[in-house]
Amino acid sequence: MLKVGLTGGIGSGKSTVAAIFETLGIPIYYADKEAKRLMSEHANLIQSIKELLGEESYSNGNLNREYIASVVFNEPKKLEQLNQLIHPLTISDSHNWMLQQSTPYAIKEAALIFESHSESHLDVIIGVNSPESLRIKRVLERDGIDEAAVRQRMSRQMSEDEKIKKCNFVITNDEPFLLTKQVLLIHKTLIKMAADKIAST
């Protein structure tokens, strides 16, 4: 089975692209969602987060996402340290998840594939690319924050150009009606690559 990564900057439309792959029967590991699950369930991680960010990181046993966000987005060092706690566990969790899949390929959707150095665990990386103005517009509409906050989040990620250069396939998400066609072409290629991989073993 091929292990495929799906990445792109904030507001690029990764989730939309992932949803199209899902309609084709391809399982998706949503790294952000699973990271939050691990932050809520993994005892050692919970203790490490409390030690790093304070007991306020959890309220009545539940992850206090607003508090954590307020700390890490104002203190880049804290964000880096938090990621160093979460990324290894998420990489391990996604690897185990991949091993349980039976489709020709499965996808890990994650914004920080290259930043977390998890590309070494994947066979192919798909990048979703969108113009910056459109990405900002999407995040403004989705999250209800101001443009300065969006740009601050963008500044904490690898630049879109650098990220896309590292990808094996690129999907351009600036005209919605073109997305499905692009996904179908990549899907067919990945099916063939998976078959070739099996034939060579």
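Described below are features of the structure shown in this document. (Residues numbered from 1 in each chain as written. Predicted model: local features only at pLDDT ≥ 70, side-chain atom pairs only at ≥ 80, totals over all residues. Heavy atoms only, no water.)

### A look at the layout of surface pockets
For step 1, the next point in the chain: Estimates place the volume of the largest pocket at around 1,500 Å³.
For step 2, the next point in the chain: Together, 45 residues line the largest pocket, and Asp32, Lys36, Phe73, Ala111 and Leu112 are the ones closest to its centre.
For step 3, the next point in the chain: Every element with two or more residues in the lining of the largest pocket is listed here: helix H1 (14-23), helix H2 (31-41), helix H4 (65-72), helix H5 (76-99), strand S5 (105-109) and helix H6 (132-143).
For step 4, the next point in the chain: Considering each element in turn, the lining of the largest pocket owes the most residues, 9 residues, to H5.
For step 5, the next point in the chain: Looking at the lining of the largest pocket, its residues break down into 20 nonpolar, 11 polar and 14 charged. (1 Å grid on protein atoms, 1.4 Å probe; cavity = no way out; pocket = protein on both sides within 12 Å on 5 of 7 lines; lining within 4 Å. Points joined across faces, edges and corners; volume = space filled by probe spheres on them. Helix = DSSP H or I, 4+ residues; strand = E, 2+ residues; numbered from the N terminus. Nonpolar A, V, L, I, M, F, W, Y, C, P; charged D, E, K, R; others polar.)

### So, the pairing of S5
For step 1, the next point in the chain: Of all 5 residues in S5, 5 are buried, a share of seventy percent or more.
For step 2, the next point in the chain: Burial along S5 is two-sided: the residues Tyr105, Ile107 and Glu109 and Ala106 and Lys108 are all buried.
For step 3, the next point in the chain: Where strand S2 (residues 28-30) and S5 come together, 3 bridges link them in parallel fashion. By the bridge assignment for S5, tyrosine 29 is matched with lysine 108. (Buried < 20%, exposed > 50% of the residue type's maximum accessible area, 1.4 Å probe, protein only. Pairing = 2+ DSSP bridges.)

### Examining empty space enclosed by the protein
For step 1, the next point in the chain: Inspection of every chain in the model, using the stated rule, returns 1 cavity of 30 Å³ or more.
For step 2, the next point in the chain: Taken as a whole, the largest cavity encloses approximately 60 Å³ of empty space.
For step 3, the next point in the chain: Lys3, Ile91, Ser94, His95, Met98, Lys108, Ser118, His121 and Leu122 are the residues that line the largest cavity.
For step 4, the next point in the chain: Of all the elements, H5 adds the most residues to the lining of the largest cavity, at 4 residues.

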